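# Survey of secondary and tertiary structure
Below are the chains, spelled out letter by letter.
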Amino acid sequence: MTEFAIDRRTAMAGMAAAAALPIVPLTAKTRPGSFLVVGDWGRDGAQHQRDVAVQMGKTATTLGSRFVVSVGDNFYENGVQSADDPQWQSSFEKVYTDPALQVPWYVALGNHDYRGNPQAQVDYAATSKRWRMPRRYYKVQGAALEMPQIDLFVIDTSPTVHQYRDKVESVIAHNVASQDVAAQLAWLDQGLAASTARWKVVAGHHTIRSGGSGHGETREMVEMVMPILKRRGVAAYLFGHDHDLQHIERDGLHYVGCGAGSEVRPVSAVAGTKFCQARSGFAAVSVGENALSFEFRDFGGTVLYQSILRA
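Residues numbered from 1 in each chain as written. Predicted model: local features only at pLDDT ≥ 70, side-chain atom pairs only at ≥ 80, totals over all residues. Heavy atoms only, no water.

## Examining the environment of Leu101
Locating Leu101 in the fold gives a position in the loop between helix H3 (87–93) and strand S3 (105–107). Judged by relative accessible area, Leu101 falls into the buried class, the value being 0%. It is 8.3 Å that separates the C-alpha atoms of Leu101 and Ser65, two residues lying 36 residues apart in sequence. Non-local contacts of Leu101, meaning those with residues more than four positions away in its chain, are made with Leu36, Ala53, Met56, Gly57, Ala60, Val68, Tyr96 and Arg130. (Helix = DSSP H or I, 4+ residues; strand = E, 2+ residues; numbered from the N terminus. Buried < 20%, exposed > 50% of the residue type's maximum accessible area, 1.4 Å probe, protein only. Contact = heavy atoms within 4.5 Å.)

## What to know about the sheet that holds strand S7 (residues 199–203)
Read from one edge of the open sheet, seven strands run S5-S6-S7-S8-S10-S9-S11, paired in mixed fashion. What marks the edges here is a single partner per strand, and that holds for strand S5 (138–140) and strand S11 (273–277). Averaged over neighbouring strand pairs, the angle between their axes works out to 15 degrees when direction is ignored. Sheet analysis places strand S8 (residues 236–239) next to strand S10 (residues 253–258), joined by four bridges and oriented parallel. Of the residues in S10, the one forming a bridge with Phe239 is Gly257. (Pairing = 2+ DSSP bridges. Axes fitted to C-alpha atoms, helices over the stretch in contact; angles between N-to-C directions.)

## Focus on the packing of aromatic side chains
Scanning the entire structure with this criterion turns up 24 aromatic pairs. Considering the side-chain rings of Trp88 and Tyr124, the 3.6 Å spacing of their centres and the 10 degrees angle between planes classify their relative orientation as stacked. Linking Trp88 in helix H3 with Tyr124 in helix H4 (residues 118–124), this pair joins segments that are 36 residues apart in sequence. Following the ring pairs from residue to residue traces out a cluster consisting of Trp41, Phe75, Trp88, Phe92, Tyr96, Trp105, Tyr124 and Trp131. One Lys or Arg, Arg43, reaches over the ring of Tyr76 and ends 3.8 Å from the middle of that ring. In this arrangement the basic side chain of Arg130 is found over the ring face of Phe92, its NZ or CZ atom lying 4.4 Å from the centre. (Phe/Tyr/Trp six-rings, centres within 6.5 Å; stacked < 30°, edge-to-face > 60°. Lys NZ or Arg CZ within 6 Å of the ring centre and 35° of its normal.)

## Description of the sheet that holds S3
Pairing is mixed across the open sheet formed by seven strands, whose spatial order is S4-S3-S2-S1-S12-S13-S14. Each edge of the sheet is formed by a strand with only one pairing partner; in this case those strands are strand S4 (131–132) and strand S14 (303–310). In the sheet, S3 pairs with S4 via two bridges, with the strands oriented parallel. The residue bridging Trp105 from the neighbouring strand is Trp131, located in S4.

## What about the pattern of salt bridges?
For the structure shown, the criterion picks out 16 salt bridges. For the salt bridge of Arg219 with Glu223, the shortest nitrogen-to-oxygen distance reads 3.5 Å. On the criterion of helical spacing, the pair formed by Arg219 and Glu223 is a turn pair, its members being four residues apart in helix H9 (residues 219–231). A relative accessible area of 48% places Arg219 in the partly exposed class. The exposure class of Glu223 is partly exposed, given its relative accessible area of 48%. Residues participating in the shared-partner salt-bridge network are Arg43, Glu77, Glu263 and Arg265. (Salt bridge = Lys/Arg side-chain N within 4 Å of Asp/Glu carboxyl O.)

## Focus: the confidence of the model for the chain
In this model, the chain carries a mean pLDDT of 91, and residues with pLDDT of at least 70 account for 89%. Across residues 1–15 the pLDDT falls below 50, and counting only partners more than four positions away or on other chains, this stretch makes 30 contacts in the model. (pLDDT = per-residue confidence, 0-100.)

## Considering the pairing of strand S13 (residues 291–298)
Within a regular beta strand, the side chains point alternately toward one face of the sheet and then the other, so they alternate between its two faces. Burial analysis of S13 places eight of its eight residues in the buried class, the great majority of the element. The pairing of strand S12 (residues 281–287) with S13 spans seven bridges and is antiparallel. Residue Val285 lies in a different strand from S13, and its bridge partner there is Phe294. Taking the residues between adjacent antiparallel strands as the criterion, S12 and S13 are bridged by three residues. The sheet contact formed by S13 and S14 spans seven bridges and is antiparallel.

## So, the nonpolar core
Phe35, Met56 and Phe296 are the most contacted members of the largest nonpolar core, which has 71 residues in total. Leave out the neighbours within four places in its chain, and Phe35 touches Ser65, Phe67, Val69, Met147, Ile150, Leu238, Ala283, Ala284, Val285 and Val287. Among the nonpolar cores identified, the runner-up in size contains 20 residues, and Ile155, Ile208, Val225 and Ile248 belong to it. (Core = buried A, V, L, I, M, F, W, Y, C linked by side-chain atoms within 4.5 Å.)

## As for the pairing of strand S6 (residues 150–154)
Extensive coverage of S6 is indicated by the burial of five of its five residues. Burial of the side chains of S6 extends over both faces: Ile150, Leu152 and Val154 are buried on one face and Asp151 and Phe153 on the other. The pairing of S5 with S6 spans three bridges and is classified as antiparallel. Bridged to Lys139 within S6 is Phe153.

## Details of the packing of helix H8 (residues 181–194) against H9
Remark: H8 packs on H9, axes separated minimally by 9 Å, with the N-to-C direction vectors making an angle of 10 degrees. Overall, the two elements H8 and H9 adopt an arrangement that is roughly parallel. In this structure, H8 uses Val181, Leu185, Leu188, Asp189 and Leu192 to contact H9, whose residues at the interface are Met224, Val225, Ile228, Leu229 and Arg231. Across the contact of H8 with H9, the residue classes tally to eight nonpolar, no polar and two charged. (Parallel < 35°, antiparallel > 145°, perpendicular 65-115°, else oblique. Nonpolar A, V, L, I, M, F, W, Y, C, P; charged D, E, K, R; others polar.)

Pasting the structure below:
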């Protein structure tokens with residue numbers, strides 16, 4: 001597969017970020033309380049999905065990663081139809097096989113998952129040893145993560161996007177129509193307000209800020225979700241949808257794009273971009289009392305970028 005070249009502004013942003021801090025691959029000793037983030041991956045192992053999975057396993061072993069966060073589009077092109085769908089094996093169970101990846105996977109739904117039967121992914125969690133999706137949006141407290149410093153909120157973003165509802169005869173419109181967006185936003189606002197964790201992290205599929213060529217900013221997310229995250233002191237929003245790796249600091253938030261679990265598309269720097277690259281890969285995150293750090297690694301295991309957020 002051909003990797004897309006980034007434009008001049010993007011290259012300069014990436015090089016400046018890399019030059020600011022020497023990239024040294026980190027270990028469990030230097031990064032206690034680690035987890036991985038990946039999105040937009042379910043392609044039967046194709047388009048670097050299997051390569052990314054191999055490197056995720058190696059990284060999880062090195063860091064002692066405790067869980068994985070998936071930011072949606074778990075199965076292409078049309079989700080899964082049931083908890084017995086063959087894609088559970090071909091795109092998940094037989095791809096992410098490393099022993100270090102047999103840990104909880106906290107999963108968000110993406111728009112491609114809504115093209116199938118999104119309830120099937122909730123149903124799969126009832127019998128899976130690692131797939132975690134108790135409902136379409138949910139909170140995982142730090143105690144459950146063995147990281148008391150963090151609360152993780154996984155949100156369901158597809159129902160917020162008007163264009164899906166407007167396609168009245170489509171499967172995705174039917175699937176999002178039953179979801180109460182106002183209720184979810186109220187839940188998120190109240191949950192974040194009640195959280196006393198040092199680090200509040202929200203994971204969802206759709207972009208808020210993004211320089212990706214596939215989608216870019218999602219207007220509804222900017223209008224409805226971003227003000228809640230900003231008001232409630234969220235440290236980072238983890239997302240996919242655009243098939244690339246991005247770090248954008250804007251609106252008092254850190255946007256960490258991890259939609260490069262398989263296929264990638266061109267990406268450019270936008271306001272607040274600290275790093276972006278169209279290269280298949282994932283993020284590794286560590287949580288400490290006074291710092292939350294993360295790095296992007298590609299499908300060959302190269303550390304592309306590192307950043308540290310201070311409390």
